[in-house]
Amino acid sequence: MEVGAEGFARRLPRLRRRILRAAFVALDMEFTGLHSTFLQNNEPSLFDSPAERYVKARQSVQRFTLVQLGLAIFSKENSNKYVVHSYNFFLFPSTLGIRDVEFTLSASSIQFLSHYGFDYNKFLKDGIPYMNEVQEKILRQRLLAGTWKVCSNADRDVLKKAIDEVTSWIAAAKEEDTMILQDLNGYHVLEVQLVLRQALENVWTEPLGDKKVMVKKVSPEHRQLLENSSYDHCQKKLILLSARGFTNLFQILVKAKKPLVGHNMFMDLMHLHDKFYRPLPESYEEFKRNIHNLFPVIIDTKTVTKSVQKKCLFPRVSSLLEVYAVLCSSNLNPKGPPCPVISLASGCSRYAEKKSPHEAGYDAFLCGSVLLMSAHLLLFRSTDDAVEADPSFSQYLTVLAEHVNKVNFIRGGVSSINFSGEDVPCRHPPALIVHARGWPGLTERQIYQEFKARCRFDVRRLSKNQFILLSNQYKQLVLRDYRHHPHLQVSIYRHWRHSPSVNCLLQISGIVVLWSVLAFALGGTSSC
């Protein structure tokens, strides 16, 4: 089900009821970009600690924005059956009353989404507004002071046309006369009313639905009475509710505290924090604490499927769609009860008929389905005792306990980020050190190009002529092939031997020892 700005408000109460009844919710997001190239050395690296990666990712999240958020609500109904309501929400930053939001587009990301049929017109023309707590505070202050403004140039054209129509009409109109403004899309209905009321003290406005606004000529005294009425659709609290847009749904998710499921969801969680909660803090640990307070139970299906691949005869596949296909087609648990039935609700049946990869609502559906099938498989592989044929979701959570709040960390110093505890370093193969001779001006990029045909290494300069290579796996052939290379000597990195800081310390220690020996010797000679 696709949801834009025009239909969002009326669907919000039903969304709230479904979330409160849900066993869990799964989400996926699409962005205008992933890794910003604006700053050098911003690409993820195996050398990154979680805190270093967070700093890199934070800079990217601040530059890019969301274009689509998919939410799949999984509710258990009847015996061994889950019904899924899956939604695509098109999002666009709020332009009402806050500083104009700037964001960057990555050409490769835009091309990628276009390849999979993403509708940028819906993003631009019918995107649901949103704001975080800081932006909401600014809007609240400006509403109270009467200094709010509309930032969008496109909106200004719509508003100017509406003002021109009303001012032309009102000159000849009598009190209680009315006119209708038509063809107002989405949030223009609210903005037009606010602008007209601010510009003309003798008009009153009411929304009529179906993209229309009624304008009535009234006396200033009558206008004041109407403004104090509880039926006023432009009360400040209603304006805030409207301007918050999707943030209202985010707050429902936070209050519901349902398990939140994603796939490779580190960037998703950073965007959730930055766009709907608060600007990302500088501190990595503060970010972790905030996310854990917002969503106490997080499950990343990437970490779960890694476990399934180790414990079961599961082919190594990478993409979410491939994992889903394997779990659906393979008989990985022939002796156990069948997996739960996962049924798409009537309004979402398109996903049952057609694959839609990289559409956020579809990927959220895949994500939740993979979780259920993986948990079912792990549950019946974890014990020899008989397990009831219709396990509860709490039983699935129990078998998934070791993966809860562990979010996959792509190419870095840990395998996962632990949002409810300490991050545990992962083991990589030993690092290699490259000594360069007779190759002046050698760069990290040249070293990478030299070795990429043999293995994917991340490269970091150690000194003028030394580089460290780190990989998830490499073949011993690398050491053999470079044994007699004229310019490059490759060996296993030993911290005590190769670290500049250790060498410096040893040199200083040697000098101190030497001076001590000389002082002792000279002192002994003097005494003689």
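For the structure itself, consult the block above.
On a predicted model such as this, the values are computed, not experimentally measured, just so you know. (Residues numbered from 1 in each chain as written. Predicted model: local features only at pLDDT ≥ 70, side-chain atom pairs only at ≥ 80, totals over all residues. Heavy atoms only, no water.)

A. The overall build of the chain, seen in detail. Helices and strands together make up the secondary structure of the chain, namely 21 helices and 16 strands. Relative to its 528 residues, the chain shows a buried fraction of 49%. Look at the contacts in the chain between residues 6 or more apart in sequence, and 72% of them connect residues 24 or more apart. Summing over all exposed atoms, the chain offers an accessible surface of approximately 27400 Å²; the carbon and sulfur share of this is 53%. (Helix = DSSP H or I, 4+ residues; strand = E, 2+ residues; numbered from the N terminus. Buried < 20%, exposed > 50% of the residue type's maximum accessible area, 1.4 Å probe, protein only. Contact = heavy atoms within 4.5 Å. Areas by Shrake-Rupley, 256 points an atom, 1.4 Å probe, with all protein chains shown as cover.)

B. Quick look at the pattern of salt bridges. The tally for this structure, following the rule as stated, stands at 15 salt bridges. Residue Arg278 pairs with Glu133 through a salt bridge whose shortest N-O separation is 2.9 Å. Placement of Arg278 in the loop between α11 (266-277) and α12 (284-294) and of Glu133 in helix α5 (residues 133-145) is noted, with a sequence separation of 145 residues between them. Overall, the relative accessible area of 38% leaves Arg278 in the partly exposed class. The partner of Asp274 in a salt bridge is Lys275, and the shortest N-O contact between them spans 3.3 Å. Through salt bridges that share partners, Asp48, Arg53 and Lys56 make up one connected network. (Salt bridge = Lys/Arg side-chain N within 4 Å of Asp/Glu carboxyl O.)

C. Molecular detail of helix α14 (residues 320-329). Within the sequence span of α14, burial applies to Leu320, Val323, Tyr324, Val326 and Leu327. Down the axis of α14, the buried side of the element spans an arc of 165°, and every buried residue falls inside it. On its buried face, α14 sits against α13 (301-311) and α16 (360-381). (Arc of directions from axis to C-beta.)

D. A look at the packing of aromatic side chains. Applying the stated criterion across every chain yields a total of 27 aromatic pairs. Ring pairs connect the aromatic residues Phe8, Tyr87, Phe89, Tyr130, Phe246, Phe250, Phe276 and Phe295, which therefore count as one cluster. A cation over an aromatic ring shows up here: Arg53 above the ring of Phe409, its NZ or CZ 4.5 Å from the ring centre. Across from the ring centre of Trp204, 3.7 Å away, lies the NZ or CZ of Arg197, which sits over that ring. (Phe/Tyr/Trp six-rings, centres within 6.5 Å; stacked < 30°, edge-to-face > 60°. Lys NZ or Arg CZ within 6 Å of the ring centre and 35° of its normal.)

E. How the structure looks around the nonpolar core. Core analysis: the largest hydrophobic core is formed by 50 residues, its most contacted members being Leu71, Phe89, Phe246, Leu249, Leu269 and Leu272. Contributions of two or more residues to this core are made by α1 (5-21), β2 (24-31), α2 (50-63), β3 (66-76), β4 (81-90), α10 (247-256), α11 and α12. Looking at this core, the element that brings in the most residues is α11, giving seven residues. Residues within four places of Leu269 in sequence aside, it is in contact with Leu260, Phe287, Ile291, Ile298, Val407 and Phe419. One finds Val308, Cys312, Phe365 and Met373 within the second-largest nonpolar core, a separate group that totals 40 residues. (Core = buried A, V, L, I, M, F, W, Y, C linked by side-chain atoms within 4.5 Å.)

F. Molecular detail of the sheet that holds strand β6 (residues 203-209). An order of β5-β7-β6 is seen for the three strands of this open sheet, with the pairing classed as antiparallel. The sheet is open, and its two edges are formed by β5 (178-181) and β6, each paired on a single side. Shown here is a sheet whose adjacent strand axes are inclined to one another by a mean of 25°, direction ignored. With four bridges joining them, β5 and strand β7 (residues 212-217) adopt antiparallel strand pairing. Residue pairing for β7: Thr178 is matched across the bridge by Lys216. (Pairing = 2+ DSSP bridges. Axes fitted to C-alpha atoms, helices over the stretch in contact; angles between N-to-C directions.)

G. How the structure looks around the packing of α5 against helix α9 (residues 236-244). Where α5 meets α9, the axes come as close as 11 Å, and the angle between the chain directions of the two elements is 150°. Relative to α9, the crossing made by α5 is right-handed. Contacts between α5 and α9 pair Glu136, Leu139, Arg140, Leu143 and Leu144 from the former with Lys236, Ile239, Leu240, Ala243 and Arg244 from the latter. (Left-handed = near helix turned anticlockwise from the far one by under 90°.)

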